[in-house]
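Here's the letter readout for the chains.
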There are 2 protein chains.
Amino acid sequence: MADKKTIPYKIYLEESEMPTQWYNVRADMKNKPAPLLNPQTLKPMTAEELSQVFCEELVKQELDDTTPYFDIPEEILDFYKMYRPSPLVRAYCLEKELDTPAKIYYKFEGNNTSGSHKLNSAIAQAYYAKNQGLKGVTTETGAGQWGTALSMACAYLGLDCNVYMVKCSYEQKPFRREVMRTYGAKVTPSPSDTTKVGREILAKYPGTSGSLGCAISEAVEAATSKDGYRYVLGSVLTQVLLHQSIIGLETKAALDKYHITPDIIIGCAGGGSNLGGLISPFMGEKLRGEKDYRFIAVEPASCPSLTRGKFAYDYCDTGMVCPLAKMYTLGSGFIPSANHAGGLRYHGMSSVLSQLYDDGLMEAIAVEQTSVFEAATKFARIEGILPAPESSHAIKAAIDQALLCKETGEEKTIVFGLTGTGYFDMVAYGKYNDGAMSDYIPTDEDLAKGFAGLPHVE
Amino acid sequence: MADKKTIPYKIYLEESEMPTQWYNVRADMKNKPAPLLNPQTLKPMTAEELSQVFCEELVKQELDDTTPYFDIPEEILDFYKMYRPSPLVRAYCLEKELDTPAKIYYKFEGNNTSGSHKLNSAIAQAYYAKNQGLKGVTTETGAGQWGTALSMACAYLGLDCNVYMVKCSYEQKPFRREVMRTYGAKVTPSPSDTTKVGREILAKYPGTSGSLGCAISEAVEAATSKDGYRYVLGSVLTQVLLHQSIIGLETKAALDKYHITPDIIIGCAGGGSNLGGLISPFMGEKLRGEKDYRFIAVEPASCPSLTRGKFAYDYCDTGMVCPLAKMYTLGSGFIPSANHAGGLRYHGMSSVLSQLYDDGLMEAIAVEQTSVFEAATKFARIEGILPAPESSHAIKAAIDQALLCKETGEEKTIVFGLTGTGYFDMVAYGKYNDGAMSDYIPTDEDLAKGFAGLPHVE
C-alpha cells in the first residue's frame, strides 16, 4: 500500500475546487438521444407542451442537446456546500481484504439526510420552481429516497411539497414517510382519493397496494390541476442527468488532483440518474476521442432493461400519461419482482444512457440480489459504510473486477459510485441475515408479456 | 456573511493534520476525579481487580490521571481515516435564519454507519481487546448506537461481539438490531436466560421489558464467566473520555487553522462521552490558565443529573455489580421517564465532568424535550441534517445562545457538538410531528426517592 503516503483515504475537494457548472453529455454525442413524444400525437413534445407539466427552465435543459455546460446558480451552489463535495474514497481496506493489485475508489453520495445522490437534482428542480414563482411541486416516490430529497430541498426554499408514496412503501416504510413529514412535506399514500386517476384505480382495484406508475399519474394530475404547481421527477429525464453530472465532475476533479486515471467506471442503473451523472464527464472525453474508459452499468437480474430489454419508444409510466421516450425497456406493463433494490425496479432507462449503450460506448451486466447482499455485507464490515441495496450492485461488480485483476495481476484503477446508505433498508438486510432472501430472474415468457405492450411508433 | 469568502461551510482537516494522540484532561486537573471504589470493600479498585472485567491497556488508561497524552496506535489511526476527520461545519444558513450576529459552528460526528461519535471509543476498546489476544467482548446497549459502533469495530478486527440489548429496544428498534447483526454481532434481548442474573430477574419479574442496569449486569457476567472475553462500555468511564478527545482535538485544530477562538462550547450530556471529548483540549487550556471559555452541558429536564443531582459516590448500574463512582447522580434507583433521547437517560455522569462542574469550571442547563424537537426540526429544515434527539439538546442551547447574541448585539463564536443522526429515531419524530409528545419533569419527591438509595460512603 505504498499509495497510502501520497493518496489519502478520502479525497475532499476544497470549496474553491468544486464544479460551478453542470456538464451536458448530449452536447458531445454524435447520435443524440431521440426526442420525447406526445403520447397522443406521437410527435416530439414541444417546450410549450412540456411546460404545462415541468418548470420552464427545466424544460429548456431537457430539450437542449447542444450546450455543453450550464452554470449552476449561486443559490444551488450554496446548498451544495452544505453537504458537498462528497468524498472520493480509496478503498484501502477492501483492496487488502481482496488481496488484489487493483486500486479501488468509490464516490460516496450517502453523507446527507436523504441518504443518496438524489438531493443533487432535487435542490435544482426545487430552485427553478421557486424561481418561476410557483407555490410548490408534486412528485411520486417508491422507496422514498427521492421523496426525502425533494422534501429537504423544498423545506430549505420554503416551497410546498406533495409526495405521492406508493401505498405499500407508505405502510412498510413508516420511517421514510416520517422523515419527509419532518421536512414539512405532505405525504399521501397512492392510490388515493385526492385525484381522479387515484379514485378510478381504487374503484377498479379495491385494496390495491399501489405502484410507481399509479403514483406518477396521481402526482402529474395533482400538479397540472392546481395553479402554481409543477411536477418533478428524480430520474430518467435528461435534466436529471445534467444535475447529477456534479457527481462525475467532482470525481474527475478529485482524480485529476492526484493524477489518477481510472480504467473502469462502474455504477448501478435503475433509471440512470446516478450512473449517468457519474460517467458523464468521462464519457465526454471518450466521445471527443481524448481518452478511453470502460463503463459498466449494473442492473438487477430481476429487472434487466439494458441486458435483456428492447431499444424502443415506450411509456415512461404504467399509467401511460407521460411522454414516450426511446430507451431500453422491458415494457411499461412489465412488473418487476419484489427485489429489495426498489430504486432499480424501473422498466426503462434514461434515453441518454440507452443511446450510449446502443452505440457500444458502455457495457452492462445484470446481477442477482443474494450476491449483491453478500457483497454489501462484506463491504459494510470492511469499509464501515452500510450501503443501500441499489448501490451494492456497483459494489458487487467492482469486487468482481478487482478479483479478475487478482487473477491477471493487472493494477487497474476501478472507480464506482456508492450512491447511498441502507439505513432504511434493514428489512431487506434482515431477510438476507436470516437466509430468507431469494433470487428471481424473469423468463423469456415473462419478458414477452412486457414487450407485447410496447406502443407502435415508426 | 463576509466570512463566506474565507471560511468554508465545512472545515475538513487534511489527513496529515489529524491528531495522532489522545488528550487526557485529568493530567491538568488540580482536583482529580475521585477513584472508582470496589462495591464490596468500598476501597479504590486496583488495576488487578479492574483487569478481571476490562482489558489491561484500558485499565491503565482508566487509572492514569497524570499522563497528558497517549499515542493513538497506528491501526486505530487507519480505522479513523475511514470515517474521520469529521467536518466542523459553519452553520451559515442557521445564522441567517436566526438573524444573529453570532457565528455558529458544529462538529458533526454522524457521518458514519453507527450514526454517532461512539465509534471513536468502540474501535479503541476493540483494538486493545484484540491486542490482548482476546476472543471477543461483551457489552450492553439501550437505544443501540453504542452496540452498533462496537459491532462495526469488532467486524473490522475479526472479534466476537456479544451485545445485550434492553428488551424493549430490541423489540421496538428492530432495525438497529439488524444493523448489528449485519456486522456479525450476536444480539440478545435482556433480560435473557443466557446468564444467571438474567434468569433471576426473569423469575422475579416475568414479562419485564428490561433496563440498562440489567443489561449491564448480564454483559459483565457474560464477560467474566468465559475465557477470552472482557466487558466494554461506551460512556461514563474516563478511558472513554480519553478516546473521545479526538473530537475536541480535531475541532481545535480546525478552528486554529482559521484563527477562530470560540467563546462558548456546548454539548449534550448523558454519561458525558461526547461532551467530555469535545471540551477536553479547550478545558485543558482553561485549567492551565492559557485561555478562558464558557462550557455548557445540556441535559434533559427529565433526567437532570448535573442540575438537580447530588455529587456523591453511587453505583454506575442499577444491578449494583459495577464499581462505585463519585459523580453527580440522581441515584442508581432513579428511573427516568420515557424521554426519547435514550442516550441521555442515565442517572449519573462521568466523574471527570462531575468534578469539573463541581469546581465551577463548567455550566449546566436542563431543557424539555418538546423544545428540543422543535429546535431539531428547525435545524433539519435549515441545515439539512436530521439530528439525533440527544444531539438536539445541544442544538436547542446553541440556538438560545445565538438568540441572546441577537438581543445584545454580541458577535460571539459558538461551537456545539452534533453527536449524531436521528435516522433510527423516527418514532420519536413521528410523535412530535403528530403533536403527541409530552414533557416530564421529576418532582422533588421523585428525586428524593432516588437519593434515598445512595450508598453510604465516607
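Summary of the structure given here. (Residues numbered from 1 in each chain as written. Chains lettered and ligands numbered in written order. Predicted model: local features only at pLDDT ≥ 70, side-chain atom pairs only at ≥ 80, totals over all residues. Heavy atoms only, no water.)

### Details of the overall build of chain A
Working step 1: Each helix and strand in chain A was counted, giving 18 helices and 15 strands.
Working step 2: Principal-axis analysis of the C-alpha atoms gives chain A an extent of 65 × 50 × 45 Å.
Working step 3: Here chain A holds 458 residues, and 65% of them are scored as buried.
Working step 4: Total accessible area on chain A is roughly 16100 Å²; 49% of this is exposed by carbon and sulfur atoms.
Working step 5: Distance between charge centres in chain A, computed from 45 positive and 56 negative side chains, equals 3 Å. (Helix = DSSP H or I, 4+ residues; strand = E, 2+ residues; numbered from the N terminus. Buried < 20%, exposed > 50% of the residue type's maximum accessible area, 1.4 Å probe, protein only. Areas by Shrake-Rupley, 256 points an atom, 1.4 Å probe, with all protein chains shown as cover. Lys, Arg positive; Asp, Glu negative; His and termini not counted. Charge placed at Lys NZ, Arg CZ, Asp CG, Glu CD.)

### Looking at the pattern of salt bridges
Working step 1: Evaluation of the coordinates by the stated rule reveals 48 salt bridges over all chains.
Working step 2: We note a salt bridge from R288 of chain A to E290 of chain A, for which the minimum N-O separation is 2.8 Å.
Working step 3: Owing to a relative accessible area of 38%, R288 of chain A belongs among the partly exposed residues under this scheme.
Working step 4: Take E290 of chain A: its relative accessible area is 47%, and that puts it in the partly exposed class.
Working step 5: The partner of E57 of chain B in a salt bridge is K60 of chain B, with the nearest N and O atoms 3.6 Å apart. Of this pair, E57 of chain B and K60 of chain B both sit in helix α2 (residues 56-63), three residues apart, which is roughly one turn of that helix.
Working step 6: Beyond isolated ion pairs, a larger network of salt bridges with shared partners links D3, R90, E95, K103 and E411 of chain A. (Salt bridge = Lys/Arg side-chain N within 4 Å of Asp/Glu carboxyl O.)

### Some words on the environment of V457 of chain A
Residues and elements named next belong to chain A.
Working step 1: For V457, the location among the structural elements is in the segment after α18 (444-452).
Working step 2: Using a relative accessible area of 24% as the deciding quantity, one classes V457 as partly exposed.
Working step 3: Considering only alpha carbons, one finds V457 and L324, 133 residues apart in sequence, at a separation of 9.6 Å.
Working step 4: Discounting residues that sit within four places of it in the chain, V457 has contacts with L37, L42, Y313 and L324. (Contact = heavy atoms within 4.5 Å.)

### Thoughts on the interface of chain A and chain B
Working step 1: Listed as interface residues are 43 residues of chain A and, on the opposing side, 43 residues of chain B.
Working step 2: Taken over both partners, the interface formed by chain A and chain B buries close to 4000 Å², and the fraction arising from carbon and sulfur atoms is 57%.
Working step 3: One can count four salt bridges joining chain A with chain B.
Working step 4: With a closest N to O distance of 2.8 Å, R181 of chain B and D434 of chain A form a salt bridge.
Working step 5: At the junction of chain A and chain B, the tally comes to 23 residue pairs in polar contact (both at pLDDT 80 or more).
Working step 6: Of all the secondary-structure elements, those providing two or more residues to the side of chain A that touches chain B are α3 (74-83), α6 (145-157), α8 (174-182), α15 (369-383) and α17 (426-433) of chain A.
Working step 7: Tallied by class, the residues present in the side of chain A that touches chain B amount to 22 nonpolar, nine polar and 12 charged. (Buried area = accessible area lost by both parts, 1.4 Å probe. Polar contact = N/O pair within 3.5 Å; in protein donor to acceptor, adjacent residues only side chain to side chain. Nonpolar A, V, L, I, M, F, W, Y, C, P; charged D, E, K, R; others polar.)

### Things to note about helix α6 (residues 145-157) of chain B
One full turn of an α-helix is made of 3.6 residues, so residues set three or four places apart face in the same direction.
Residue and element names in this part refer to chain B.
Working step 1: Between its first and last C-alpha atoms α6 spans 19 Å; for 13 residues at 1.5 Å apiece the expected length is 18 Å, and the two agree.
Working step 2: Within α6, 11 of the 13 residues are buried, which leaves the element mostly enclosed by the surrounding structure.
Working step 3: Each element contacted by the buried residues of α6 is listed here: α3 (74-83), α5 (119-131), β6 (136-141), β7 (160-166) and α8 (174-182).
Working step 4: Downstream of α6 by one or two residues, G158 has phi in the positive range, about 75 degrees. (Expected span 1.5 Å × (residues − 1).)

### Things to note about the packing of α17 of chain A against α8 of chain B
Working step 1: At a closest axis distance of 9 Å, the pairing of α17 of chain A and α8 of chain B adopts a crossing angle of 45 degrees. When the interaxial angle is binned, α17 of chain A and α8 of chain B end up oblique. Considering the relative orientation of α17 of chain A and α8 of chain B, their crossing is left-handed. Contacts between α17 of chain A and α8 of chain B pair M426, V427, Y429, G430 and N433 of chain A from the former with F175, E178, V179, R181 and T182 of chain B from the latter.
Working step 2: Considering only residue class, the contact of α17 of chain A with α8 of chain B consists of five nonpolar, three polar and two charged. (Axes fitted to C-alpha atoms, helices over the stretch in contact; angles between N-to-C directions. Parallel < 35°, antiparallel > 145°, perpendicular 65-115°, else oblique. Left-handed = near helix turned anticlockwise from the far one by under 90°.)

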